[in-house]
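# Observations on the model geometry
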Amino acid sequence: MIVLASASIDKLRQVPMSFWINVGIIIVGFTGGVWVLRKIREMNKIVLLIIVALFLSFVGFRWIYQRNEPSFLTPVIDHIAPFFPSKGKH
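Heads up: these notes are all about the structure in this document.

Thresholds applied
- Residues numbered from 1 in each chain as written.
- Predicted model: local features only at pLDDT ≥ 70, side-chain atom pairs only at ≥ 80, totals over all residues.
- Heavy atoms only, no water.
- Helix = DSSP H or I, 4+ residues; strand = E, 2+ residues; numbered from the N terminus.
- Rg over C-alpha atoms; globule rule 2.2 N^0.38 Å.
- Buried < 20%, exposed > 50% of the residue type's maximum accessible area, 1.4 Å probe, protein only.
- Lys, Arg positive; Asp, Glu negative; His and termini not counted.
- Charge placed at Lys NZ, Arg CZ, Asp CG, Glu CD.
- Polar contact = N/O pair within 3.5 Å; in protein donor to acceptor, adjacent residues only side chain to side chain.
- Contact = heavy atoms within 4.5 Å.
- Salt bridge = Lys/Arg side-chain N within 4 Å of Asp/Glu carboxyl O.

### Considerations on the overall build of the protein
Helices and strands together make up the secondary structure of the protein, namely four helices and zero strands. Across the protein, helices and strands are ordered from the amino to the carboxyl terminus as α-α-α-α. In terms of C-alpha radius of gyration, the protein reaches 22 Å, well past the compact-globule figure of 12 Å for 90 residues. Viewed in the frame of its principal axes, the protein has a C-alpha envelope of about 65 × 40 × 20 Å. Looking at the protein residue by residue over its 90 residues, the buried ones come to 8%. Looking at charge distribution, the protein has the averaged site of its 10 positive side-chain charges lying 5 Å from that of its 4 negative ones.

### Section: the side chain of E69
Structurally, E69 is set in the loop between α3 (45-66) and α4 (74-80). Classification of E69 as buried rests on a relative accessible area of 12%. Looking at E69, its side chain comes within polar contact range of the side chain of R67, at 3.1 Å. Apart from residues lying up to four places away in sequence, E69 is in contact with W63, T74 and I77.

### Things to note about the pattern of salt bridges
The final tally for this structure, using the stated rule, is two salt bridges. Across the pair R67 and E69 runs a salt bridge whose closest N-O atoms are separated by 3.1 Å. Looking at R67, the relative accessible area reads 34%, which means it is partly exposed. R67 is the salt-bridge partner of D78, the closest N and O atoms lying 2.6 Å from each other. Of this pair, D78 sits in helix α4 while R67 sits in the loop between α3 and α4, and the two are 11 residues apart along the sequence. What you see here is one network of salt bridges that share partners, running through R67, E69 and D78.

### Topic: the environment of V23
On the secondary structure map, V23 appears in helix α2 (residues 17-41). According to the relative accessible area criterion, V23 is partly exposed, its value standing at 26%. Separated by 62 residues in sequence, V23 and P85 place their C-alpha atoms 39 Å apart.

### Brief notes about the environment of I40
Secondary-structure assignment places I40 in helix α2. Taking the C-alpha atoms as reference points, I40 and P16, separated by 24 residues in sequence, lie 36 Å from one another. Those residues within four positions of I40 in sequence are excluded, and the remaining contacts are K45 and L48.

Next comes the structure, spelled out in structure tokens:
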């Protein structure tokens, strides 16, 4: 039993520190996301709608300007992009 625990500890020591930092960031992000969602649930729905619309607008316009959208959204952005300025046309 002690040999098994010792082998497990040795394997954990070989895992790079950046992995543990990323795991910590994910745990903190998930916990923070749950906290934010609980606070949002208590908000006025109109204010929530305005905040979500502004966020999606900022992200969408950034994707259109920079053309760094996710690959599955490229067909949608291709249809919208001609109506807005982009980085490549300046």
